[in-house]
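So you can see what is in the structure, the chains are spelled out below.
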Amino acid sequence: NAGVMQNPRHLVRRRGQEARLRCSPMKGHSHVYWYRQLPEEGLKFMVYLQKENIIDESGMPKERFSAEFPKEGPSILRIQQVVRGDSAAYFCASSPTISGANVLTFGAGSRLTVL
Amino acid sequence: DAKTTQPPSMDCAEGRAANLPCNHSTISGNEYVYWYRQIHSQGPQYIIHGLKNNETNEMASLIITEDRKSSTLILPHATLRDTAVYYCIAPSYYGGSQGNLIFGKGTKLSVKP
């Protein structure tokens, strides 16, 4: 029973390139969340998605960042034209439901380094 | 989210109980209290949650005061591997759905030999 799978675990990009981070939720989970953790800082909520829908993107930077969770396949966090300030750990979490108690299961994270 | 207040750091001797407090005086009646932890730079790990009653699982116990304004996470026999940042979170509940988890600064627990 695999947990939340994130890949790649480590990604190096040069300034101006694109970064794509993938997240496969736990089996049976239809809700996906993305968080970002800058070096030596706390976890910051970015976006919450259900299949084919963005529910809350209040934490997403206005430009260059986008997220999707298609009907088939993993959720993708896409960062265009990366800058050094995008270097961070990006964590994905999934949950089965949001009614009542909503326990999130987190992945191991994807660490982006922008040169 | 109901605002939560935690001490920034705590120490605990290995083998002793670690009691981590959290104040959430503005919590609403239908808002759960969740505890997560993050060991070094790993992904956050769910520990336990509760609404009104005290809860216990294989990892920890959660004691919630009767007025629900505060709670305490108890690790009964702390080990060095429990050294982590512990987060107390009380997400808002609106429109029949629970809001996202907003992580604060948490409590950095250091378990010492």
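Residues numbered from 1 in each chain as written. Chains lettered and ligands numbered in written order. Predicted model: local features only at pLDDT ≥ 70, side-chain atom pairs only at ≥ 80, totals over all residues. Heavy atoms only, no water.

Draft legend 1. Spatial organisation of the overall build of chain A. Per the secondary structure count, chain A includes zero helices and 11 strands. A globule of 115 residues ought to have a C-alpha radius of gyration of about 13 Å, and chain A, at 13 Å, matches this closely. Across its three principal directions, the C-alpha atoms of chain A cover 40 × 30 × 25 Å. Taking all 115 residues of chain A together, the buried fraction comes to 44%. Taking the intrachain contacts of chain A between residues at least 6 apart in sequence as the baseline, contacts between residues at least 24 apart amount to 52%. Counting only carbon and sulfur atoms, one obtains 47% of the accessible surface of chain A, whose full area is about 5800 Å². Side chains of chain A carry 16 positive and 10 negative charges; the gap between the two charge centres is 7 Å. (Helix = DSSP H or I, 4+ residues; strand = E, 2+ residues; numbered from the N terminus. Rg over C-alpha atoms; globule rule 2.2 N^0.38 Å. Buried < 20%, exposed > 50% of the residue type's maximum accessible area, 1.4 Å probe, protein only. Contact = heavy atoms within 4.5 Å. Areas by Shrake-Rupley, 256 points an atom, 1.4 Å probe, with all protein chains shown as cover. Lys, Arg positive; Asp, Glu negative; His and termini not counted. Charge placed at Lys NZ, Arg CZ, Asp CG, Glu CD.)

Draft legend 2. Main features of the overall build of chain B. Along its length, chain B carries zero helices and 11 strands. Relative to its length of 113 residues, chain B is compact, with a C-alpha radius of gyration of 14 Å against a globular reference of 13 Å. Taking the principal axes of the C-alpha coordinates as reference, chain B spans close to 45 × 30 × 25 Å. Long-range pairs, those at least 24 residues apart, make up 57% of the contacts in chain B between residues at least 6 apart in sequence. As presented, chain B carries roughly 5700 Å² of accessible surface, and 51% of it is formed by carbon and sulfur atoms. The averaged location of the 9 negative side-chain charges in chain B is 6 Å from the averaged location of its 10 positive side-chain charges.

Draft legend 3. Quick peek at the interface of chain A and chain B. Between chain A and chain B, the residue contacts involve 19 residues of the former and 18 residues of the latter. Interface area for chain A against chain B, summed over the two sides, is near 1500 Å², with a carbon-plus-sulfur share of 53%. Along the contact surface separating chain A from chain B lie zero salt bridges. Here chain A and chain B share five residue pairs in polar contact (both at pLDDT 80 or more) between them. Among the secondary structure elements, those contributing two or more residues to the side of chain A that touches chain B are β4 (31–37) and β5 (43–50) of chain A. For the side of chain A that touches chain B, the per-class residue count stands at 12 nonpolar, five polar and two charged. (Buried area = accessible area lost by both parts, 1.4 Å probe. Salt bridge = Lys/Arg side-chain N within 4 Å of Asp/Glu carboxyl O. Polar contact = N/O pair within 3.5 Å; in protein donor to acceptor, adjacent residues only side chain to side chain. Nonpolar A, V, L, I, M, F, W, Y, C, P; charged D, E, K, R; others polar.)

Draft legend 4. Molecular detail of the packing of aromatic side chains. Counted according to the given criterion, the structure contains 10 aromatic pairs over all chains. Geometrically, the ring pair formed by Y35 of chain A and F45 of chain A is edge-to-face, given 5.8 Å between the ring centres and 70° between the ring planes. With Y35 of chain A in strand β4 and F45 of chain A in strand β5, this pair connects stretches of sequence that are 10 residues apart. F45 of chain A shares its class with Y35 of chain A; the two are buried. Residues Y36 of chain B and F103 of chain B carry aromatic rings whose centres are separated by 6.0 Å and whose planes lie at 70° to one another, so their mutual orientation is edge-to-face. With a gap of 67 residues between them, Y36 of chain B in strand β3 (residues 33–38) and F103 of chain B in the loop between β10 (97–98) and β11 (107–112) connect regions that are remote in the sequence. Since its relative accessible area comes to 6%, F103 of chain B is described here as buried. Three or more aromatic residues joined by ring pairs form one cluster here, namely Y35, F45 and F106 of chain A together with Y36, Y46, Y87 and F103 of chain B. (Phe/Tyr/Trp six-rings, centres within 6.5 Å; stacked < 30°, edge-to-face > 60°.)

Draft legend 5. Region of interest: the environment of S70 of chain B. Residue and element names in this part refer to chain B. Residue position: S70 is located in strand β7 (residues 70–75). Separated by 66 residues in sequence, S70 and T4 place their C-alpha atoms 8.8 Å apart. Once you skip the residues sitting within four places of it in the chain, S70 turns out to touch C22, N23, H24, I63, I64 and T65.

Draft legend 6. Just the sheet that holds strand β5 (residues 55–56) of chain B, in detail. On the basis of which strands lie adjacent, the open sheet formed by four strands has the order β2-β7-β6-β5 (chain B) and antiparallel pairing. Each having just a single partner strand, β2 (18–23) and β5 of chain B make up the two edges of the open sheet. (Pairing = 2+ DSSP bridges.)

Draft legend 7. Spatial organisation of the environment of C22 of chain B. Residue and element names in this part refer to chain B. Within the secondary structure, C22 is located in strand β2. In this structure C22 comes out as buried when scored by relative accessible area, which is 1%. Separated by 49 residues in the primary sequence, C22 and S71 have C-alpha atoms spaced 5.3 Å apart. Sequence-distant contacts of C22, defined by excluding residues within four places in its chain, comprise T4, T5, Q6, W35, K69, S70, S71 and C88.

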